[in-house]
Amino acid sequence: MANAEAGKVPASITGMMAGFLDEYTESNKVAAESPLKFKDNIVTFFKNVQEAMANPYQFQPFHQAIREPFDFYNWGNDFLRPLIIMNQSRIVGIENAAKISKLLQMGENVIILSNHQTEADPQVLSILLESVDMSSLAEQIIFIAGHKVTNDPVAIPFSKGRNLLCIHSKKHIKNPPEDMARKSAQNLETMKAMGSLLSEGGRVFWVAPSGGRDRPQALENGIGDFQVAPFDAKALDMFKLVAMQSQKPMHFFPMAMFTHQLVPPPTGVSSDLGEERSAKRGVVSVCFLDETDGLGGLKDKEFTAAVQASVEKEYQALKSWHDSHP
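Residues numbered from 1 in each chain as written. Predicted model: local features only at pLDDT ≥ 70, side-chain atom pairs only at ≥ 80, totals over all residues. Heavy atoms only, no water.

S.K.: What is the right way to look at the pattern of salt bridges in this model?
M.R.: Opposite charge on two side chains makes pairing possible when the charged atoms of those side chains draw close. Counting across every chain of the model gives eleven salt bridges. One salt bridge in this structure joins aspartate 152 and arginine 277, with 3.2 Å as the shortest N-O distance. Of this pair, aspartate 152 sits in the loop between α9 (147–151) and α10 (156–159) while arginine 277 sits in the loop between β9 (250–258) and β10 (285–288), and the two are 125 residues apart along the sequence. Across the pair, exposure class does not vary: aspartate 152 and arginine 277 are buried alike. Of the charged contacts, one joins glutamate 200 and arginine 203 as a salt bridge, the two residues approaching to 2.6 Å between their closest N and O atoms. The partly exposed category is assigned to arginine 203, whose relative accessible area is 23%. Through salt bridges that share partners, Lys37, Asp78, Arg81 and Glu130 make up one connected network. (Salt bridge = Lys/Arg side-chain N within 4 Å of Asp/Glu carboxyl O. Helix = DSSP H or I, 4+ residues; strand = E, 2+ residues; numbered from the N terminus. Buried < 20%, exposed > 50% of the residue type's maximum accessible area, 1.4 Å probe, protein only.)

S.K.: Please clarify how unusual backbone geometry should be interpreted in this entry.
M.R.: The bulk of non-glycine residues show a negative phi, and the bulk of peptide bonds are trans. The omega torsion of the bond from glutamate 68 to proline 69 falls at 5°, within 30 degrees of zero and hence cis. Take proline 69: it is sitting in the loop between β1 (62–63) and α5 (72–80). A positive phi is found at glutamine 247, a non-glycine position, where the angle reads about 65°. As for its placement among the helices and strands, glutamine 247 is situated in the loop between α12 (233–244) and β9. Residue valine 263 is not a glycine yet carries a positive backbone phi of 45°. Summarising the element assignment, valine 263 is placed in the loop between β9 and β10.

S.K.: Looking at this model, I keep getting lost on the nonpolar core. Mind explaining?
M.R.: Most often, soluble globular proteins have nonpolar side chains that are buried together. Counting residues in hydrophobic clusters, the biggest one holds 53 residues, and the most contacted among them are Phe45, Phe79, Ile100, Leu125, Leu129, Trp206 and Phe288. At six residues, helix α4 (residues 35–54) tops the list of elements feeding residues into this core. In contact with phenylalanine 288, other than residues within four places in its own chain, are Ile91, Val92, Gly93, Asn96, Ala97, Ile100, Ile112, Leu125, Leu129, Pro254 and Met255. (Core = buried A, V, L, I, M, F, W, Y, C linked by side-chain atoms within 4.5 Å. Contact = heavy atoms within 4.5 Å.)

Honestly, that's just the spatial picture; any functional story needs more than this.
In structure tokens form, the structure reads like this:
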């Protein structure tokens, strides 16, 4: 942990991220990252974590990525880049990503409905889009963000670099019960902000309808494969309602993400902050699926089931590809 001293990291943070720095150091060595770049990334990381603890950043309902005087967007991507085994990773459905870019240029709106596996999903998406010369689309995406990524001091530096709509998910809004009214009021402000953005047009949002990250299947003899978490029909209905009120054309594109090898989530779901992180290298894949008729005749539950089925099918295809290309 010698490098931690350079960033003046509080003992509480080094304890919370037990093993993270050692793994990150090893991953950078394997990735042949330059020592200077590694030092810059890790010192910047710890400096900003310390700042987040001493003076927590207050995220607005709509947070725009901070690109200057310090570019948190590019730094976040650079920090995660050594963890991705790029020659075994891929992006599928590039033609659909191109369709999204075209729709945005026409002033129309897009909502991406995706499973969610790791805190690093925004950076993974950016890095993979950059690999196919679609950096502009990556920089435009607005992520629907839960309370952890805007309150956990380890996550805050990365969250500063993303466009976010900050919301409390259904899973955590009642914990603790006395905060439910405040959280509900914040969610209302966020939905108002989303409505304004949709009315402007040319916006793309990334939403995890499950309200949280996928988890591995619990088996009697241990832990199984990751499973796409169930999508919430009421959450999707809320986004559809706001979209219909915007008076701008809206398009829905499902997405499948295979990303859990990077900074995997704990096996259980908790509202608490300060979870341990892993920084081992891994493979990732993302698939942009064909557009689905989100504002058509399908009832909410049918629409949700159809979207989840398409995401699960493509997720299994991504997993099978990685299983056959170790």
